[in-house]
Amino acid sequence: TLEYLKSSKTLFISYYEANPILVLGSYFLIYVIMTAFSLPGAVWMTLGGGALFGLLTGTIVVSFASTIGATLAMLISRFLLHDWVQGRFKQQMRVINSGIKKNGGLYLFTLRLLPVVPFFVINMGMGLTPLRTLTFYWVSQLGMLPGTLIYINAGSELAKIESLGDILSPTLIGSFVLLGIFPLAVKKIITVFEARRGEKNV
């Protein structure tokens with residue numbers, strides 16, 4: 001809880017100062033495992049990372065740990081459910097697969113920026129599609145970075161936070177939505193423009 005993080009901050013920092021490599025490595029491993037198996041607590045872990053490691057180190061550690069964990073979660077979903085879902089829902093997945101092959105990176109980037117879509121749902125859902133693992137990894141790292149920065153920064157100023165509502169305001173959520181939709185909108189405009197130009201040339 002937020003209260004626990006605040007009351008334990010000094011203790012955790014003393015552990016970190018005494019054993020920096022051990023604490024950093026343990027935190028990284030726990031974060032990867034939690035994300036890979038979709039365990040609850042990522043928000044508190046991220047806030048704790050900001051409080052413990054500061055803005056720069058916390059952002060780097062959480063960014064890589066969360067992306068590696070998300071990629072493992074996606075691969076687990078792909079290994080366990082991909083073939084069954086593709087076979088059971090052939091007609092529906094045919095449409096989804098086509099869209100993913102054309103604009104999968106943009107769709108994933110948009111989803112990563114929408115705070116209303118749980119990350120574990122995105123990880124599992126993308127595992128059911130033909131999206132390439134490398135594309136999933138780098139788009140996820142890029143798309144999750146703004147949110148990571150915000151939560152790490154909030155964690156580094158833990159004393160000023162009274163609730164999670166102090167971190168994500170409606171204006172900030174709206175900005176994420178616009179940022180996520182923007183690449184898709186540009187892609188659509190370019191497609192329409194090229195189609196019209198092709199019709200004129202004919």
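Read on for a plain summary of the structure. Treat the numbers as computed from the prediction; the structure is a model and nothing was measured.

Calculation notes
- Residues numbered from 1 in each chain as written.
- Predicted model: local features only at pLDDT ≥ 70, side-chain atom pairs only at ≥ 80, totals over all residues.
- Heavy atoms only, no water.
- Helix = DSSP H or I, 4+ residues; strand = E, 2+ residues; numbered from the N terminus.
- Buried < 20%, exposed > 50% of the residue type's maximum accessible area, 1.4 Å probe, protein only.
- Areas by Shrake-Rupley, 256 points an atom, 1.4 Å probe, with all protein chains shown as cover.
- Contact = heavy atoms within 4.5 Å.
- Core = buried A, V, L, I, M, F, W, Y, C linked by side-chain atoms within 4.5 Å.
- Axes fitted to C-alpha atoms, helices over the stretch in contact; angles between N-to-C directions.
- Left-handed = near helix turned anticlockwise from the far one by under 90°.
- Nonpolar A, V, L, I, M, F, W, Y, C, P; charged D, E, K, R; others polar.
- Patch = residues over 30% accessible without salt bridge, like charges linked within 9 Å, V, L, I, M, F, W, Y side chains within 5 Å.
- Salt bridge = Lys/Arg side-chain N within 4 Å of Asp/Glu carboxyl O.
- Arc of directions from axis to C-beta.
- Phe/Tyr/Trp six-rings, centres within 6.5 Å; stacked < 30°, edge-to-face > 60°.
- Expected span 1.5 Å × (residues − 1).
- Bend = angle between axes of the 7 residues up to and from the residue.
- Parallel < 35°, antiparallel > 145°, perpendicular 65-115°, else oblique.

### Topic: the overall build of the protein chain
- Scanning the protein chain from terminus to terminus reveals eight helices and zero strands.
- Along the protein chain, from the amino end to the carboxyl end, the secondary structure elements read α-α-α-α-α-α-α-α.
- By residue count, 38% of the 202 residues in the protein chain fall in the buried class.
- As displayed, the protein chain offers around 11900 Å² of accessible surface, 70% of which is attributable to carbon and sulfur atoms.

### A closer look at the environment of Val61
- Mapped onto the secondary structure, Val61 falls in helix α4 (residues 55-88).
- For Val61, a relative accessible area of 10% corresponds to the buried category.
- Each C-alpha atom of the pair Val61 and Leu24 lies 8.2 Å from the other, and the pair is 37 residues apart in sequence.
- Not counting the four nearest positions on each side in its chain, Val61 is found in contact with Leu24, Tyr27 and Phe28.

### Some points on the nonpolar core
- Core analysis: the largest hydrophobic core is formed by 14 residues, its most contacted members being Leu108, Ile122, Met126, Leu131 and Phe136.
- Of all the secondary-structure elements, those providing two or more residues to this core are α4, α5 (90-112), α6 (119-127) and α7 (133-156).
- In this structure Met126 touches Met74, Arg78, Ile100, Leu108, Leu111, Leu131 and Phe136, once residues within four positions along its chain are discounted.
- One finds Val23, Leu52, Phe53 and Val61 within the second-largest nonpolar core, a separate group that totals twelve residues.

### Here we look at the packing of helix α2 (residues 20-36) against α4
- As a packed pair, α2 and α4 sit with axes 7 Å apart at the nearest point and diverge in direction by 35 degrees. By crossing handedness, the relation of α2 to α4 is classed as right-handed. Residues Leu24, Tyr27, Phe28, Tyr31, Val32, Thr35 and Ala36 of α2 touch α4, and the partners they reach there are Thr57, Val61, Val62, Phe64, Ala65, Ser66, Ile68, Gly69, Ala70, Leu72, Ala73 and Ile76.
- Class assignment for the residues of the contact of α2 with α4 results in 15 nonpolar, four polar and no charged.

### Here we look at the environment of Thr135
- Tracing the backbone shows Thr135 in helix α7.
- Linking Thr135 and Leu108, residues 27 residues apart in sequence, is a C-alpha distance of 9.3 Å.
- Filtering out sequence-adjacent residues up to four positions away, Thr135 remains in contact with Gly105 and Leu108.

### Thoughts on a nonpolar patch on the surface
- Taken together, Leu29, Ile33, Phe37, Leu39, Ile76, Phe79, Leu80, Leu81, Phe120, Val121 and Met124 make up a surface patch of nonpolar side chains, about 1100 Å² in accessible area.
- Of all the secondary structure elements, the ones that give two or more residues to the nonpolar patch are α2, α4 and α6.

### Re α6
- Among all positions of α6, only Ile122, Asn123, Met126 and Gly127 are buried. Down the axis of α6, the buried set is contained in an arc of 130 degrees. They therefore lie on one face.
- On the buried face of α6, the contacting elements are α4, α5 and α7.

### Examining the packing of aromatic side chains
- A complete count under the given rule lists four aromatic pairs for this structure.
- Here Tyr27 and Phe53 contribute two aromatic rings whose centre-to-centre distance is 5.0 Å and whose plane-to-plane angle is 80 degrees, an arrangement assigned as edge-to-face. Of this pair, Tyr27 sits in helix α2 while Phe53 sits in helix α3 (residues 42-53), placing them 26 residues apart in sequence. Across the pair, exposure class does not vary: Tyr27 and Phe53 are buried alike.

### Considerations on α5
- With 23 residues, α5 extends just 26 Å between its outermost C-alpha atoms, more than 12% less than the 33 Å of an ideal straight helix rising 1.5 Å per residue.
- Where α5 bends most, at Asn103, the angle is about 90 degrees.
- All of the buried residues in α5 are Met93, Asn97, Gly99, Ile100, Asn103, Gly104, Leu108, Phe109, Thr110 and Arg112.

### Quick look at the packing of α3 against α7
- At a closest axis distance of 6 Å, the pairing of α3 and α7 adopts a crossing angle of 60 degrees. Looking at the two axes, α3 sits oblique to α7. α7 is crossed by α3, and the crossing has right-handed handedness. Note on element contacts: α7 touches α3 through Thr148, Tyr151, Ile152, Ala154, Gly155 and Ser156, opposite Val43, Thr46, Leu47, Gly49, Gly50 and Ala51.
- Residue composition of the contact of α3 with α7, by class: six nonpolar, six polar and no charged.

This is a description of form; function is not addressed.
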